[in-house]
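Structural features, examined
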Amino acid sequence: MHRDFNKEEQIIFHQISFLTGSAEGMSDAVRAPVKKPFNEHVVEFLDDLSGYLMKHPQARQYPDVVTFAFWIRRGSVVRMAEKYHMDDCGCIRMGRGMAFHVAPSNVPVNFAYSLAAGLLCGNKNIVRIPSKEFPQTRIITEGIGRILENHKNLRQYITLVRYERQKVINDLLSAIADVRIIWGGDQTVADIRMSPLSPRGTEVVFADRYSAAVIDSDVYMCLNQPDREVVDLGFYNDTYLFDQNACTSPQIVIWLGNRKQEAKEKFWTSLHSLVREKYRFADIMGVQKLTDSCLAAINVPGLRILPHADNLIIRAVVTRVEPSLMEYRSSCGFFFEYDCDNILELEQLADDIRCQTVAVLGDRQQLIAMLESGVRGIDRIVDIGRTMDFGMVWDGYRFTDCLTRSIHI
């Protein structure tokens, strides 16, 4: 796209806070050529950013920052590139053009993964950073700014912005976008979609989702103590690190096997110790969970709230699993719990398009067989502790397809 911005559009750009790039530089960013996927300059930039983050004195306090840094290191990206070339259909692939990313407000590092995916697919990128201040976001955005000083050839490809929700800004950024990536709840998607794309513009949407954990009690009890602790810590990381607000955070724990009661006692006791040691619990969280508990108890037939010594963990036992249950999910340590005798009891849940990730301890084959039967939900099956592991396939979308243009020769 080659265009100069008129006076009104320039005024709109000056209402935006630029963390990288500038209002004056937007014309150059729009004119910059696209790249082939996994361009070497991009790989070098991401590897340098990885090194910066790995050495940052504060980054070690935040596992999500370290995980992101590990994901963008050269070795990891090279493996992605190898898989991409294996899957290539023989067409020439190029970036689509300008990618406008709308990052979610509740996951501090999500914007960085979205940006990295856009860059690796050969695009120029405008990323709306969450207005909420997160230390992880600050560490990464500062790192991007510093590393760009030594990668001036990529300055036009990375524009990080902040602005209050204003339709006029969304209109302009959407109009210049060749692809729009929206992360957030259904309302965010609806709001952004009020701003039209260009006729050839495409869109990738990540709307409201929920996730579950499936634990085989027999497998859990056969683990030695150190391995059980790894599972427990992994579940803590999946849920409490983001106050259970991430779409990947399990909202319901489903128990399989013959040693359910024994496994539950050990699992929940261990998790409670982890939460008490690691989690910062605010009074408002307790009030919200109490409110949500009452609403769930009123509206979900047969639901029973188990006795609890404090507000760190609330377990709501249910007698059946169906999608409507998730209308009453909460956060900050509120879990539905279900004893399952046959995996097909989860079929309704799995057939809901809002069901995203299933974190598993045990045999995955049962779930895979259910997926192949034709259910519409579940886009990811991962080990417990790996729900937040990002990949170039997410929510059923393959970024190297969605964010590139295939040229048939």
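The notes below deal with the structure included here. (Residues numbered from 1 in each chain as written. Predicted model: local features only at pLDDT ≥ 70, side-chain atom pairs only at ≥ 80, totals over all residues. Heavy atoms only, no water.)

1. Describing the nonpolar core
Counting 54 residues, the largest nonpolar core has Phe45, Phe68, Ile144 and Phe399 as its most contacted members. Tallying contributions element by element places helix α6 (residues 110-120) first for this core, with eight residues. When residues no more than four places from it in sequence are discounted, the contact partners of Phe45 are Leu119, Ile144, Ile147, Leu148, His151, Leu154 and Ile158. Among the nonpolar cores identified, the runner-up in size contains 31 residues, and Leu325, Met326, Val358 and Ile378 belong to it. (Core = buried A, V, L, I, M, F, W, Y, C linked by side-chain atoms within 4.5 Å. Buried < 20%, exposed > 50% of the residue type's maximum accessible area, 1.4 Å probe, protein only. Helix = DSSP H or I, 4+ residues; strand = E, 2+ residues; numbered from the N terminus. Contact = heavy atoms within 4.5 Å.)

2. Re the pairing of strand β12 (residues 334-339)
Where a strand is regular, its side chains alternate between the two sheet faces. The buried fraction of β12 is high, at five of six residues. Pairing of strand β9 (residues 250-256) with β12 involves four bridges; the strand directions are parallel. Bridge pairing in β12 links Val253 to Glu337. Pairing of strand β11 (residues 314-317) with β12, which is carried by four bridges, proceeds in the parallel orientation. Note on β12: the bridge partner recorded for Val317 is Glu337. (Pairing = 2+ DSSP bridges.)

3. Points about the environment of Tyr210
Tracing the backbone through its elements, the reader meets Tyr210 in strand β8 (residues 210-216). Of the residues examined, Tyr210 reaches a relative accessible area of 1% and is grouped as buried. Tyr210 sits 113 residues away from Pro323 along the chain, and the two C-alpha atoms are 9.9 Å apart. Every residue in contact with Tyr210, bar those within four places of it in the chain, is listed here: Cys247, Gln251, Pro323, Met326, Arg329, Leu349, Asp352, Arg354, Cys355, Gln356 and Thr357.

4. A short note on the packing of aromatic side chains
Inspection of every chain in the model, using the stated rule, returns 24 aromatic pairs. With a centroid separation of 5.1 Å and 85° between ring planes, the pair formed by Phe68 and Tyr113 is classed as edge-to-face. Of this pair, Phe68 sits in helix α4 (residues 63-71) while Tyr113 sits in helix α6, placing them 45 residues apart in sequence. Here Phe68 and Tyr113 have matching classes, each one buried. For the pair Tyr240 and Tyr279, a centre-to-centre distance of 4.9 Å together with 75° between the ring planes defines the contact as edge-to-face. (Phe/Tyr/Trp six-rings, centres within 6.5 Å; stacked < 30°, edge-to-face > 60°.)

5. Some points on the packing of helix α11 (residues 225-239) against helix α12 (residues 260-278)
Orientation of α11 relative to α12, taken along the N-to-C sense of each, is 55°, at an axis distance of 9 Å. Classified by the interaxial angle, the pair formed by α11 and α12 is oblique. Relative to α12, the crossing made by α11 is right-handed. Counting all contacts with α11, which are made through Arg228, Asp232, Leu233, Phe235 and Tyr236, the residues of α12 involved are Lys266, Phe267, Ser270, Leu271, Leu274, Val275 and Lys278. (Axes fitted to C-alpha atoms, helices over the stretch in contact; angles between N-to-C directions. Parallel < 35°, antiparallel > 145°, perpendicular 65-115°, else oblique. Left-handed = near helix turned anticlockwise from the far one by under 90°.)

6. Considerations on helix α13 (residues 283-299)
Counted at 1.5 Å a residue, the expected span for α13 with its 17 residues is 24 Å, and the 25 Å between its end C-alpha atoms agrees. What α13 keeps buried is the set Met285, Gly286, Lys289, Asp292, Ser293 and Ala296. The arc that holds every buried residue of α13, seen down its axis, measures 130°, which confines them to one face. What points out from α13, more than 90 degrees from its buried face, is the exposed set Asp283, Ile284, Leu290 and Ile298. Of the surrounding secondary structure, the elements contacted by the buried residues of α13 are β10 (304-305), β11 and β12. (Expected span 1.5 Å × (residues − 1). Arc of directions from axis to C-beta.)

7. Considerations on the side chain of His101
Tracing the sequence through the fold places His101 in strand β3 (residues 98-102). Within the structure, the side chain of His101 is placed 2.6 Å from the side chain of Ser114, a separation counted as a polar contact. (Polar contact = N/O pair within 3.5 Å; in protein donor to acceptor, adjacent residues only side chain to side chain.)

8. Digging into the pairing of strand β7 (residues 202-206)
The pairing of strand β6 (residues 179-183) with β7 spans five bridges and is classified as parallel. Residue Arg180 lies in a different strand from β7, and its bridge partner there is Glu203.

9. Some details on unusual backbone geometry
Phi is positive for Cys332, close to 60°, though the residue is something other than glycine. Along the chain, Cys332 turns up in the loop between β11 and β12. Given a relative accessible area of 8%, Cys332 falls into the buried group. A positive phi angle, near 65°, is found at Ile378, a position not held by glycine. Residue Ile378 is classed as buried on the basis of its relative accessible area, which comes to 9%.

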